[in-house]
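# A look at the structure
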Amino acid sequence: MDPGAHRTERRPTTAEPEDVQVNPPPPTTFSVLVGGALPGDPSATYSTAIGQRLRAMLPWPTTNDPVATLLRTHKAIHASGDSGLLRRAYGIAEQMHRGQMRKSGEPYITHPLSVAQICADLGMDTTTLVAALLHDTVEDTNYTLAALERDFGEEVAILVDGVTKFDKVFYGKDAEVETIRKMIIMAGRDVRVLIIKLADRLHNMRTLDARSRSSQARIANATREVLIPLCDRLGIQALKRELEDWVLRALSPDGYARIVDYQARRKGRAEYLAQVIAQVNTELTKFKINSTVSPRTRHLYSIWKDTVAGSYAEPRDLPRIVIVVDGPETDCYAALGSVHARWRPVPGRFKDFIASPKNNLYRSLHTTVLGPEDNAVEVLIRTESMHRVSEYGIIANFRYPQHAAGFGPAARAEQLEWLHRLLDWQSAAADPAQFLASLRCDLAEAQIIVFTSTGRPVLLPADATPIDLAYTLGADVGHRCIGARLNGRLVPLSSTLSDGDAVEIMTRPGQRDEIGERRVGELGTGIEDALGGGFDGLFLLVGGAFWPREVVVNNILGVAVAAFQPAAGIPHPSHVHSRLDHPE
């Protein structure tokens with residue numbers, strides 16, 4: 001209702017902004033951002049537009065079938081997809097949810113259908129789409145998991161069970177955290193659990209305006225802290241970009257509106273990029289490099305983040321292009337040379353993610369050059385296989401089954417190494433809050449690469465310490481760690497590592513102490529026993545026999561306890577120091 005609706009004409013009609021909620025326009029969907037960027041993509045924007053135009057010319061209606069779009073999208077990527085199974089799954093979902101409504105006032109069935117559509121747009125298989133259609137039936141209806149398994153098989157049941165929330169009546173305030181823990185465990189059996197959960201959250205973010213401001217903030221914060229980092233670790237940048245834009249819209253409406261307004265006011269970007277692409281194509285042809293060059297639009301959150309980080313008065317959005325070469329990796333470096341031969345590179349702006357891939361297997365060359373009119377232009381260079389993985393990550397083999405061999409079991413296992421690490425320690429974290437804190441830390445987006453004494457590159461979270469490196473190298477190395485040399489200099493174990501550091505971990509040679517004989521999950525008992533014996537017990541436990549007492553007190557104690565805490569389920573370091581200072 002208009003806030004001035006009950007005012008008379010004689011009274012002032014000054015608007016009251018706090019009573020008026022104007023929702024900014026929604027972000028661009030991921031399918032629009034990536035459609036057609038890769039030659040031969042099954043959901044290219046051009047082919048989609050042609051299909052829509054042809055259907056509009058048909059003399060009979062084509063919109064009455066609620067699953068028509070879903071089936072059409074799925075069959076475009078998976079020609080052998082089972083349409084009958086999808087129709088049967090929709091029929092049961094519609095029957096089970098009949099009479100239920102969403103907060104937006106729409107029938108509830110629109111939600112699972114939209115989640116399945118998102119999965120289809122991503123290129124997921126028939127089994128994932130069936131599970132997406134049924135993902136809320138066990139949680140919100142009288143359709144049991146046993147009945148679902150009987151009707152659709154064990155594989156679908158595992159996926160649905162993985163995204164089914166725990167009951168708040170039994171778990172109370174810990175229900176949300178325990179649901180995340182369960183989802184992580186089930187994802188260890190089938191990673192498609194996470195894909196359905198991400199699609200579910202994306203649709204909830206798209207319909208967030210129907211909820212209260214407090215609910216919007218709560219859901220957006222949870223998305224930012226857990227699900228977006230999960231999306232990044234899976235390498236699904238297509239989903240991550242849209243989720244980040246929706247989070248920005250919910251948590252910083254002014255910042256979001258500022259970027260949208262900037263893009264609306266900006267003139268000449270398309271013409272400038274066309275000029276850049278024409279010149280790049282000329283250089284690539286000269287070097288006989290087969291490639292496709294296209295604009296690479298940055299999403300709203302990325303622009304906002306760079307603007308805030310650099311404290312710029314105007315939004316920071318450099319023109320950007322992507323070069324997708326049709327050839328081996330060496331062609332990427334040849335393309336880089338051709339671009340640098342044309343324009344002067346900006347110092348310090350080159351990154352080689354081909355030689356040193358990110359932990360989600362993202363590989364690409366990044367450079368910035370002074371392009372036409374001396375404007376800075378960002379350039380991304382990658383092969384077609386790199387481009388597929390950079391957009392869709394671990395689900396690239398579902399979307400591009402004809403190229404699945406290029407992203408086989410070994411590559412997928414490497415990409416999910418972080419998930420296996422979570423599974424190793426999650427059972428030991430009895431406290432839900434501790435589990436969530438450790439999960440957020442492990443999924444930290446900012447990362448660095450350090451080098452061991454043998455030259456091995458190791459990926460670590462930003463602000464990592466030598467203790468973190470020691471346990472990344474192996475539990476035994478972590479157990480026996482007594483010191484570290486950073487770039488040839490002896491440093492405390494609490495030292496913060498930086499990108500490119502050379503770190504040598506010092507261990508007790510030729511022996512195993514009491515800690516080294518234990519599994520990480522049992523370490524908490526040893527520290528609790530040491531605390532029971534006072535400071536001397538803990539002093540010996542962390543290696544006091546090998547270091548001067550003051551070194552242990554100042555440098556090792558807190559770091560060692562903090563490092564062991566996530567894996568062992570022991571108290572926070574502040575609690576440890578409190579008990580040392582004030583023994584009972």
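Below or above, wherever it landed, is the structure these notes cover.

## Looking at the overall build of the chain
Scanning the chain from terminus to terminus reveals 29 helices and 10 strands. Taken across its 584 residues, the chain has 48% of its residues classed as buried. Pairs at least 24 residues apart make up 64% of the contacts formed inside the chain by residues separated by at least 6 positions. Surface summary for the chain: the accessible area is close to 28,100 Å², and the carbon and sulfur share equals 53%.

## Details of empty space enclosed by the protein
Considering all chains together, one arrives at three cavities of 30 Å³ or more under this definition. The volume enclosed by the second largest cavity comes to roughly 40 Å³. Around the second largest cavity, the lining residues are His 135, Asp 136, Glu 139, Val 163, Lys 165, Lys 197 and Asp 200. Per-class residue counts for the lining of the second largest cavity are one nonpolar, one polar and five charged.

## A look at the environment of Ala 274
Relative to the assigned elements, Ala 274 resides in helix H16 (residues 269-286). Distance from Ala 274 to Ile 321, taken between C-alpha atoms, is 9.9 Å for residues 47 residues apart in sequence.

## Brief notes about the sheet that holds strand E1 (residues 291-295)
Read across the sheet, five strands follow the order E1-E2-E5-E4-E3 without closing on themselves; strand pairing throughout is mixed. Of all strands in the sheet, those bounded by a partner on one side alone are E1 and strand E3 (351-352). Taken together, the six bridges between strand E2 (residues 320-325) and strand E5 (residues 376-383) define a ladder with parallel strand orientation. Residue pairing across strands places Ile 323 opposite Ile 381, the latter belonging to E5. Here H16 sits on the sheet in contact with E1, E2 and E5, set at roughly 165° to E1. Each of E2, E3, strand E4 (365-370) and E5 touches helix H18 (residues 330-342); the most contacted strand, E4, lies at about 10° to it.

## Considering helix H15 (residues 253-265)
Residues lying three or four places apart along an α-helix face the same way, a consequence of the helix completing one turn every 3.6 residues. Taking 1.5 Å as the rise per residue, H15 with 13 residues should run 18 Å; its terminal C-alpha atoms sit 18 Å apart, in good agreement. Among all positions of H15, only Gly 255, Tyr 256, Ile 259 and Tyr 262 are buried. Here the buried residues of H15 occupy an arc of 125° about the axis, which is enough to place them on one side. Facing away from the buried side of H15, by more than 90 degrees, are the exposed residues Asp 254 and Ala 264. Along its buried surface, H15 packs onto helix H14 (237-251), H16 and helix H17 (300-310).

## Notes on the pairing of strand E7 (residues 457-461)
Residues of E7 alternate between two faces, with Val 458 and Leu 460 buried on one and Pro 457, Leu 459 and Pro 461 left unburied on the opposite face. Bridging between strand E6 (residues 447-451) and E7 involves five bridges; their strand directions are antiparallel. Each residue of the ladder has a partner; that of Phe 451, found in E7, is Pro 457. Remark: five residues form the turn of the hairpin made by E6 and E7, two consecutive strands paired antiparallel; Gly 455 in that turn has positive phi of roughly 90°.

## Side note on helix H9 (residues 154-163)
The buried fraction of H9 amounts to seven of the 10 residues, a majority that puts the element mostly inside the structure. Residues of H9 that are buried: Val 156, Ala 157, Ile 158, Leu 159, Val 160, Gly 162 and Val 163. Check the buried side of H9 and you find it contacts helix H6 (126-133), helix H7 (137-140), helix H8 (145-152), helix H11 (175-189) and helix H12 (192-206).

## A few points about the side chain of Asp 245
If you trace the backbone, Asp 245 turns up in helix H14. Summary of buried charges: Asp 245 has no salt-bridge partner, and the nearest side chain of opposite charge, Arg 241, is 7.4 Å away.

## Remarks on the side chain of Ser 302
For Ser 302, the location among the structural elements is in helix H17. In this structure Ser 302 comes out as buried when scored by relative accessible area, which is 14%. Polar contacts involving the side chain of Ser 302 include one to the side chain of Arg 298, which spans 2.7 Å.

## Side note on the packing of aromatic side chains
What describes a pair of aromatic rings is the distance from one ring centre to the other and the angle between the planes of the rings. Summed over all chains, the structure comprises three aromatic pairs. Consider the rings of Phe 353 and Tyr 362, whose centres lie 5.9 Å apart with planes at 65°: the pair is edge-to-face. Under the relative-accessibility criterion, Tyr 362 is labelled buried at 10%. Where Tyr 392 meets Tyr 400, the ring centres are 6.1 Å apart and the plane angle is 70°; that geometry is what we call edge-to-face. Residue classification places Tyr 392 among the buried residues on the basis of a relative accessible area of 2%. Between the NZ or CZ atom of Lys 358 and the centre of the ring of Phe 353, over which it lies, the distance is 4.9 Å. Residue placement shows Arg 388 over the ring face of Tyr 400; its charged tip is 5.7 Å from the ring centre.

## Focus: the pairing of E2
Counting buried residues in E2 gives six out of six residues, a clear majority hidden from the surface. Residue alternation in E2 divides its side chains into two sets, Arg 320, Val 322 and Val 324 and Ile 321, Ile 323 and Val 325, and both sets are buried. Judged from the five bridges that link them, E1 and E2 form a sheet pairing that is antiparallel. If you follow Val 293 over to E2, its bridge partner there is Ile 323.

## Looking at unusual backbone geometry
Negative phi values dominate among residues other than glycine, just as trans dominates among peptide bonds. One non-glycine residue with positive phi stands out, namely Glu 373, at about 60°. Residue position: Glu 373 is located in the loop between E4 and E5. Its identity is not glycine, yet Asp 374 carries a phi of approximately 60°, on the positive side. Residue placement: Asp 374 occurs in the loop between E4 and E5.

About the criteria used
- Each chain has its residues counted from 1, following the order in which its sequence is written.
- Note on the predicted model: pLDDT of at least 70 is required for a residue's local features to be given, and 80 or more for side-chain atom pairs to be given and counted; whole-chain, interface and lining totals, by contrast, use all residues.
- Only hydrogens and water are removed before side-chain values are computed, so all heavy atoms of the structure are retained for them.
- For helices the rule is a DSSP run of H or I covering at least 4 residues; for strands it is a run of E covering at least 2, with both sets numbered from the N terminus onward.
- Burial classes follow relative accessibility: with a 1.4 Å probe on protein chains only, a residue under 20% of its type's maximum area counts as buried, one over 50% as exposed, and anything between as partly exposed.
- The criterion used for residue contact is that any of the two residues' heavy atoms lie within 4.5 Å.
- Working definition of accessibility: Shrake-Rupley area with a 1.4 Å probe, residue cover restricted to the visible protein chains.
- Only protein atoms enter the 1 Å grid, on which a cavity is a set of points fitting a 1.4 Å probe that cannot get out and a pocket is an open set with protein on both sides within 12 Å along at least 5 of 7 lines, lining residues being those with an atom within 4 Å of a point.
- Grid points are joined across faces, edges and corners, and a volume is the space filled by probe spheres set on the points.
- Basically, the charged four are Asp, Glu, Lys and Arg, the nonpolar ten are Ala, Val, Leu, Ile, Met, Phe, Trp, Tyr, Cys and Pro, and anything else, Gly included, counts as polar.
- The pairing criterion is simple: DSSP has to find at least two bridges between the two strands.
- To obtain each axis, a line is fitted to C-alpha atoms, and for helices this fit is confined to the stretch in contact; angles are then taken between N-to-C directions over 0 to 180 degrees.
- To estimate how far a helix should reach, multiply one less than its number of residues by 1.5 Å.
- Taken from the helix axis, the directions to the C-beta atoms give the arc we talk about.
- We treat Lys and Arg as the positive residues and Asp and Glu as the negative residues; His and chain ends play no part in the count.
- The working definition used for a salt bridge is a side-chain nitrogen of Lys or Arg within 4 Å of a carboxyl oxygen of Asp or Glu.
- Side-chain atoms alone can form a polar contact between residues adjacent in sequence; in general such a contact is a pair of N or O atoms within 3.5 Å, and within protein one must be able to donate a hydrogen while the other accepts it.
- Between 30 and 60 degrees the pair is tilted, below 30 it is stacked and above 60 it is edge-to-face, where a pair is any two Phe, Tyr or Trp rings, Trp via its six-membered ring, whose centres lie within 6.5 Å.
- Only Lys NZ and Arg CZ are tested; either one counts as a charge over a ring when it is within 6 Å of the ring centre and within 35 degrees of the ring normal.

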